[in-house]
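# Tertiary structure, described
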Amino acid sequence: MLESYLTLKPEFEIVMMEPQDCHAVSVLHAERFPRAWNDGEFHSLLSQEPVFGFVARQTNAFLRKPLPGFVLARHAAGEGEILTIAVQPKLARTGLGWRLMQAALREAQARGGETMFLEVDGGNAPALGLYRKLGFEKVGERKAYYADEKGAKSTALVMRRVLR
């Protein structure tokens, strides 16, 4: 019985992000980004009318686990923007990022969005692969936009996807 539980493939539900999720979201954000946002910043963003987000919850976990993933976005004047997204490293390439992005794209479209934008580090090959598979195309770049822990600068790619 225990062996079958330990090899159980995780199952997730994607639900709207709520203010009580902000602490767990900030913890995951800090694990994935050198310039992390704190829970107050997430709470402040989420309290703004055009901002929305989704979190993944593991539905078949026996013990409480860290937040598997989240996406935060906003919509205004027909345009959406992915503000940030993160997935636990051990869950990379499981389709969780895809599901979170699909939820954000559907919500932006339901709010009247015609396009969705995002920025991504040009060196982040896994994220670029995901975004391209989702139909995003490069429309611009910002040189020396991101800085890592050591101060090295990298280019941000601005990407867009048409929603309608």
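Residues numbered from 1 in each chain as written. Predicted model: local features only at pLDDT ≥ 70, side-chain atom pairs only at ≥ 80, totals over all residues. Heavy atoms only, no water.

The next thing to look at is helix 5 (residues 125-133). Taken residue by residue, helix 5 has Ala127, Leu128, Leu130 and Tyr131 as its buried positions. Buried positions in helix 5, seen along its axis, are confined to an arc of 160° and lie on one side of it. Residues Ala125, Pro126, Arg132 and Lys133 are exposed on helix 5 and point more than 90 degrees away from its buried face. Of the surrounding secondary structure, the elements contacted by the buried residues of helix 5 are strand 4 (79-87), helix 4 (96-110), strand 5 (115-121) and strand 7 (153-162). In this structure Asn124 caps helix 5, since a side-chain oxygen of it lies 3.2 Å from the backbone nitrogen of Ala127. (Buried < 20%, exposed > 50% of the residue type's maximum accessible area, 1.4 Å probe, protein only. Helix = DSSP H or I, 4+ residues; strand = E, 2+ residues; numbered from the N terminus. Arc of directions from axis to C-beta. Contact = heavy atoms within 4.5 Å. Polar contact = N/O pair within 3.5 Å; in protein donor to acceptor, adjacent residues only side chain to side chain.)

With respect to the helices, strands and loops of the structure, Phe42 is situated in helix 3 (residues 39-46). Between the C-alpha atom of Phe42 and that of Asp21, which follows or precedes it by 21 residues, the distance is 9.1 Å. Discounting residues that sit within four places of it in the chain, Phe42 has contacts with Cys22, Val25, Ser26, His29, Trp37, Phe70, Leu72 and Thr84.

Further remarks concern the nonpolar core. The nonpolar side chains of soluble globular proteins are, as a tendency, buried together. Among the nonpolar cores identified, the biggest contains 29 residues, and Met101, Tyr131 and Phe136 are the most heavily contacted of them. Looking at this core, the elements with two or more residues in it are strand 2 (51-58), strand 3 (69-76), strand 4, helix 4, strand 5, helix 5 and strand 7. Element by element, the count of residues in this core is highest for helix 4, at seven residues. If near-sequence neighbours (up to four positions away) are discounted, Phe136 is found in contact with Met101, Leu105, Met116, Phe117, Leu118, Tyr131, Met159, Arg160 and Arg161. One finds Cys22, Val25, Val55 and Phe70 within the second-largest nonpolar core, a separate group that totals 14 residues. (Core = buried A, V, L, I, M, F, W, Y, C linked by side-chain atoms within 4.5 Å.)

The subject of this paragraph is helix 4. If you check helix 4, its first and last C-alpha atoms are 21 Å apart, about what 15 residues at 1.5 Å a residue would give, namely 21 Å. The set of residues buried in helix 4 consists of Leu96, Gly97, Leu100, Met101, Ala103, Ala104, Leu105 and Ala108. (Expected span 1.5 Å × (residues − 1).)

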